[in-house]
Amino acid sequence: MRGYELTIYDKAARPVWGIGLRLAAFCAFTCLAGIAQRLPVGTIPPGNRLMIIEAHHDDHTWQWGFGGLAARMTDQGYEGILVRVSNDEKDGDDGYPHNDMVNLRECKAAVAHIGIDSVISLNWRNDYMDSTPLQELRAQLILLIRKYRPDVLMAYDPWGHYDRNPDHRKVSRAVAEAYWMAGYANVHPEHLRLGLKPHRVPHIYFTQRGDYGKGHEPNVAVAHDASHVRRKANAMVAHRNIYHQPQTARSIRDELRKQGLHVPELDGLSDGEAIDQIEKWYMYWSSERYGRENGLDYAEVFYQRAEWDHRPGLTEYVKNNAVSQ
Amino acid sequence: MNFLKQRMTTTLLVASLLLVFGSSPAAAADKKVVLVITADASDYILAAGGTIAKMLDAGAEGYLVRVTNDDKDSWDLTPEETARRTREESEQAAKILGFKEVESLGYRAGELGGVSPTELRDRILFYIRLYKPAVLFIPNPYAEYVEVLDRFYVGQAAEDARRAASLSNYQPPFAVVGLETHVTPELYYYAQPFDPRRREAESTATFVPQPKALDIASTFDKKLRAAQALKTINHSTAMRIKDRLESTDRRLPLLDEINEESVNRLVEINIHKLAEIAAKDTEHSQAEEFHYAGVEYQIPSKYLQ
Ligand SMILES: [Zn+2]
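Quick caveat, the model's predicted, so the values are computed rather than measured.

Thresholds, definitions, all that
Residues numbered from 1 in each chain as written. Chains lettered and ligands numbered in written order. Predicted model: local features only at pLDDT ≥ 70, side-chain atom pairs only at ≥ 80, totals over all residues. Heavy atoms only, no water. Donors = N, O, S within 2.8 Å, 3.2 Å for Na, K, Ca; no water. Helix = DSSP H or I, 4+ residues; strand = E, 2+ residues; numbered from the N terminus. Buried < 20%, exposed > 50% of the residue type's maximum accessible area, 1.4 Å probe, protein only. Contact = heavy atoms within 4.5 Å. Buried area = accessible area lost by both parts, 1.4 Å probe. Salt bridge = Lys/Arg side-chain N within 4 Å of Asp/Glu carboxyl O. Polar contact = N/O pair within 3.5 Å; in protein donor to acceptor, adjacent residues only side chain to side chain. Phe/Tyr/Trp six-rings, centres within 6.5 Å; stacked < 30°, edge-to-face > 60°. Lys NZ or Arg CZ within 6 Å of the ring centre and 35° of its normal.

(A) How the structure looks around the coordination of the zinc ion. Residues and elements named next belong to chain A. Ligation of the zinc ion by protein atoms is provided by H56 (ND1), D59 (OD) and H168 (NE2), these donors lying 2.0 to 2.1 Å from the ion. Sequence spacing of the donor residues for the zinc ion, all on one chain, is H-x2-D-x108-H. In this pair, H56 is assigned in the loop between β1 (49-54) and α3 (67-75) and H168 in helix α6 (residues 166-181), connecting sequence segments 112 residues apart. Each member of the pair H56 and H168 is classed as buried.

(B) Structural context of the interface of chain A and chain B. With 41 residues of chain A in contact, the opposing surface of chain B contributes 46 residues. For the pair chain A and chain B, the summed buried area comes to about 3900 Å², and 56% of that belongs to carbon and sulfur atoms. The three residues of chain A that bury the most area against chain B are A:W159, A:W180 and A:N186, which together make up 20% of that side's buried surface. The interface formed by chain A and chain B holds six salt bridges in total. The interface formed by chain A and chain B includes 18 residue pairs in polar contact (both at pLDDT 80 or more). Residue assignment for the side of chain A that touches chain B shows that the elements contributing at least two residues are α5 (134-148), α6, β7 (298-305), α11 (315-321) and β8 (323-324) of chain A.

(C) Broad picture of the packing of aromatic side chains. Counting across every chain of the model gives 19 aromatic pairs over all chains. An angle of 50° between the planes, with centres 4.7 Å apart, marks the rings of B:Y188 and B:Y292 as tilted. One end of the pair, B:Y188, is in strand β5 (residues 186-190); the other, B:Y292, is in strand β8 (residues 287-293), with 104 residues separating them in the sequence. Just as B:Y188 is buried, B:Y292 falls in that class too. The rings of A:W159, A:F206, A:Y303, B:Y145, B:F152 and B:Y153 are connected pair by pair, giving a single aromatic cluster. Here A:K90 stacks its cationic end above the ring of A:Y96, 4.8 Å away from the centre of that ring. Seen from the ring of A:Y179, A:R200 lies directly overhead, with NZ or CZ sitting 4.9 Å from the centre.

Below, the structure is given as C-alpha cells:
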C-alpha cells in the first residue's frame, strides 16, 4: 500500500506503466483474491511447442502474463514462439518508428529469458486495432497456427470484461476465432496448397488483468519455482524503453526519506539500478501472492481450456475411454 | 395478496403491450408461435431441442431461422457439398422436433465476425415481425467460452432484433410491406454448458434474465433423433476426435470403426451427458438450461411495485 501512496503522485512516472498504478491494481486484485478459494493446480500439457499471441511486446511480463508458465514449459523441452501483433509505436518517448524497432528488439531479448527464441511481429498499428479487420488478422493467425502447429496457445481472455485496451480486445477475439477455425480444412483452403494442414490447438491458456472486475475468473493455478520467477523478472526488466524509469525510484526514495524511512536493499544503488530492483521485486511479490493463494510457493493463474473442453457432453467420455494405441 | 396484485398488474401491462404492438393476423390467431434463431444446424438442438420439442408437442407452431450454411463442419467434403448436405439434414432434424418451416439465411459459417451486425439484426428482425412469435429462442451472447463465435454474433444480433422489432422507427420499409412491429413476450437464451458461471444470476433485478432449468425427459428421444439426423456434422465430430487421438498415439474403441452406428452412439453419449449436466442439482433427471426472460422482463420494476 505504501508504494501506491508514494507513487500515485509521481508526475514524472508514465501514467499507464508507472509502478504506482500497477501496485494499486495489484493491491486491488489481491484484496479480492484473499477471499477466493484455492484453484486446482495445473500440470503442463504434453507437447512440444507453445505459441504466445499478444497484442504488445510486453504483455507476457505483467503479473497476469505468461512469463512463469512459459519459462517452466521451455524448461521442460517446449519450443516457444511469440507473436507480437501490434507495432508498439506508442510505447516510449522517442517517436513511432524508434519505439517500434526498440520495443521489438527488447521483446526478443526479454523472451529469451523465458526460453523463447522466436518472435514474429505482425506490426498492426498500435492502439488503433479497433479498426483492424478481424478476419484479416484471423487469417494471419490461422496461417501461423497451421505452420507451427502449437500444442499450447496463450492469449488474453476474449471473454474478459473491462479491458479498455482496443488492441487487447481485438487480438483476443482474433485468437479465439483462429483457435476455433484453424482445424477446419474448408477455412482458408489456399493454405493447404503450401502443404500445410488444418490444426486444432488442443490447449489454450487465457489471462487477463486480475483487477478488472469479475470478467476473467481463473480456473487453474500453475506453479513455478524461484528460477522461473527470476527469469520472468529479468524478462520484464529487459523492456527498458518503457520500464526503465529511474525517476520513479527517485520519487519513491524521496518520499521515504521525508518520512524518515529507507529500503536498505536499495542503499548504494543508482536510481536506475533501484527501479530495476523494484520491478523485479514486483514480479516476486505477485508470483508469491498467487502462490500463497493456491498453496504453492510461486504461481500464475489462468483460465485454461483443455483438449476436449470444446465438447462438453463428450469431455468426460473421451478422457475416460481413450486408450493407448 | 401483494403477489396477486403484482401478477394482475403484470398481466394487464403485458396485455396492453401486446395490444399496442402485437395486433396482427398471426398474433390474433390462436396458435402460439415459437421462433428459434440459431447460428448453425446443431447448437439449438444440443442446447434447447428438448424444450422446443415440448412446446411444439403441446401445439405451438415452430419456425427455425438458421443463420449460417454450416459449410465448414465436415470431413473431406467441399464447402459447397457440406452446405448442401447440412441444409438437408438440418431440415430433417427440425422436422423431427416438430418445426413447421426452416429458413436458412446462407451466411458462410465462421465468417459472421465480418458481417455487419446491423444487417444481421435486420434479417432477424424481419422474421420476428413476419412470424410474430410468443416465444423466442436465441443463442446467449453472454455465455462465456463459447468456441463457435458465430453463436455469439447471432445471439447479439437476435437480442437486438427482438427489441428493434417492437419499435416502429426500426426499418420503416418493413411497415410499408405489412410487417408491423411486434413485442415477443417470452425470451429464452440458450447455450451449451461452456460457461462455468452460467448458473449465477446476473443480478436480482426483475428485468434481468434469470437461470432456469427445464425438464426434457418426455422429449429426450426426439432431441436425440434430431441430433442424430445431422450426419455430416456428427461424422466430422467423430473423425476429429479420432484424428486427434491418433496423432497422440491414442484411440477410442468406440471409434475404431466410424460408421453410422458408432457415430450415432457418440451422439447419444453426448446428448445424455448434456442432459445430465443441465439436470445436476435440479429436481430433473434430464434437463436443459436457459437464461429466461418472461413477461415481467418487459416491465420496469418501478411499475411492479
Ligand atoms: Zn498490452
